[in-house]
Amino acid sequence: SNSVQKERPAGFDGKQGKLMLRNTMVLKSALAVLFITLIISCKSNVQEQKFNAFSQEFTKLKSTYDEKFRIISTSEHYHSLIAHKNRELETLLKKYDQSITLDEGELLKSKILMELARYQEAGAKLEQLSKKDTELSDAVNLARVQLLIYRKKITEALTLFKGIESNQTAGPEIVSIY
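Conventions and cut-offs
- Residues numbered from 1 in each chain as written.
- Predicted model: local features only at pLDDT ≥ 70, side-chain atom pairs only at ≥ 80, totals over all residues.
- Heavy atoms only, no water.
- Helix = DSSP H or I, 4+ residues; strand = E, 2+ residues; numbered from the N terminus.
- Buried < 20%, exposed > 50% of the residue type's maximum accessible area, 1.4 Å probe, protein only.
- Contact = heavy atoms within 4.5 Å.
- Areas by Shrake-Rupley, 256 points an atom, 1.4 Å probe, with all protein chains shown as cover.
- Expected span 1.5 Å × (residues − 1).
- Salt bridge = Lys/Arg side-chain N within 4 Å of Asp/Glu carboxyl O.
- Core = buried A, V, L, I, M, F, W, Y, C linked by side-chain atoms within 4.5 Å.
- Phe/Tyr/Trp six-rings, centres within 6.5 Å; stacked < 30°, edge-to-face > 60°.
- pLDDT = per-residue confidence, 0-100.
- Axes fitted to C-alpha atoms, helices over the stretch in contact; angles between N-to-C directions.
- Parallel < 35°, antiparallel > 145°, perpendicular 65-115°, else oblique.
- Left-handed = near helix turned anticlockwise from the far one by under 90°.
- Nonpolar A, V, L, I, M, F, W, Y, C, P; charged D, E, K, R; others polar.

K.L.:
Please provide a residue-by-residue account of the overall build of the chain, values included.
P.N.:
Counting secondary structure elements, the chain contains seven helices and zero strands. Mapped in sequence order, the helices and strands of the chain form the string α-α-α-α-α-α-α. In the chain, which comprises 178 residues, the share counted as buried stands at 24%. Counting contacts in the chain only where the partners sit at least 6 residues apart, residues at least 24 apart contribute 54% of the total. Within the structure as shown, the chain displays about 13,000 Å² of accessible surface, and the carbon and sulfur contribution to it stands at 56%.

Shown next, in the form of structure tokens:
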């Protein structure tokens, strides 16, 4: 009876071949992990850059309109300014809505949605963020307090705020709550 044996390339016989094969597999796995880590790191860096641009644009827009609101003289001018501000906020939100996935970006989006009186959407984003245990937990809860105030749910807002008040530092968001 003829038995057909597969020929193995030189160097793949016995223990040495198994060791070489194992080392190759380990090297491939290590390279795959390194590659994935590099991709995640690059994506994270890109996300941070996009978030920073988003945040800077929002801050500039907000301060521009805060300044304009200080010098308003008529209700007509006020309503016109609100309409312009809202259009610019909508444009900003659309510009970054799909491209930023960082929690910080989602928190900023929720604040913009509150500015636009889109409370249900803001609440949904804040609810998702509140389920995560992150460094942003207090900031998320503070935004939730603001949302409750906008919705005129003062008792709920105070209850939530009392739970986070001791962790807060004085700033414009805290002052607006007081």
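Still to come is the rest of the account.
K.L.:
I'd love a proper account of helix α3 (residues 103–115), names of residues and values included.
P.N.:
Because each turn of an α-helix spans 3.6 residues, side chains separated by three or four positions end up pointing in the same direction. Taking 1.5 Å per residue, 13 residues should reach 18 Å; α3 reaches 19 Å between its end C-alpha atoms and fits that length. The buried fraction of α3 is high, at 10 of 13 residues. Among the residues making up α3, those that are buried are Asp103, Gly105, Glu106, Leu107, Leu108, Lys109, Ser110, Ile112, Leu113 and Met114. One or two positions beyond α3, positive phi appears at Ala117, with a value near 60 degrees.

K.L.:
Before we move on, can you summarise the pattern of salt bridges with the specific residues and values?
P.N.:
Here the structure, examined in full by the defined rule, presents 10 salt bridges. Two residues, Arg118 and Glu90, come together in a salt bridge whose shortest N-O distance is 2.7 Å. Taken together, the residues span a long stretch of sequence, with Arg118 in the loop between α3 and α4 (119–130) and Glu90 in helix α2 (residues 75–96) at a distance of 28 residues. Since its relative accessible area comes to 24%, Glu90 is described here as partly exposed. Close ionic contact of Glu121 with Arg118 constitutes a salt bridge, the shortest N to O distance being 2.7 Å. The exposure class of Glu121 is partly exposed, given its relative accessible area of 39%. A network of salt bridges, in which partner residues are shared, links Asp97, Glu106, Lys109 and Lys125.

K.L.:
I'd like a rundown of the nonpolar core, residues and numbers included.
P.N.:
If you look at the biggest cluster of nonpolar residues, it comprises 24 residues, and the most contacted ones within it are Phe54, Leu107, Ile112 and Leu126. Counting six residues, the second largest nonpolar core, distinct from the first, contains Leu142, Val145, Leu148 and Ile164.

K.L.:
Talk me through the packing of aromatic side chains; I want residue IDs and the actual numbers.
P.N.:
Scanning the entire structure with this criterion turns up three aromatic pairs. For the pair Phe69 and Tyr78, a centre-to-centre distance of 5.7 Å together with 55 degrees between the ring planes defines the contact as tilted. Judged by centre distance (5.7 Å) and plane angle (20 degrees), the ring pair of Tyr119 and Tyr150 falls under stacked. Within this pair, whereas Tyr119 is found in helix α4, its partner Tyr150 is found in helix α5 (residues 137–150), the two being separated by 31 residues in sequence.

K.L.:
Talk me through the side chain of Lys109; I want residue IDs and the actual numbers.
P.N.:
Here Lys109 shows up in helix α3. In contact with Lys109, other than residues within four places in its own chain, are Phe54, Leu93, Tyr96, Asp97, Ile100 and Lys125.

K.L.:
So what's going on with the confidence of the model for the chain? Residues and values would help.
P.N.:
Interpreting fine coordinate detail is not advised for predicted regions of low pLDDT. A residue-level look at the chain finds 68% of positions with pLDDT of 70 or above and a mean pLDDT of 80. Averaged over each element, pLDDT in the chain is lowest for helix α7 (residues 172–177) (49) and highest for α2 (95).

K.L.:
Outline the packing of α2 against α3, supporting the account with residue identities and numerical values.
P.N.:
Each packed pair of helices is defined by two parameters, the angle between the axes and the distance between the axes. In the contact formed by α2 and α3, the axes pass within 10 Å of each other and the chain directions differ by 155 degrees. What the angle tells us is that α2 and α3 run roughly antiparallel. The way α2 lies across α3 gives a crossing that is left-handed. Here α2 contributes Lys85, Asn86, Leu89, Leu92, Leu93 and Tyr96 to the contact with α3, which in turn contributes Lys109, Ile112, Leu113 and Glu115. Residues that form the contact of α2 with α3 fall into these classes: six nonpolar, one polar and three charged.

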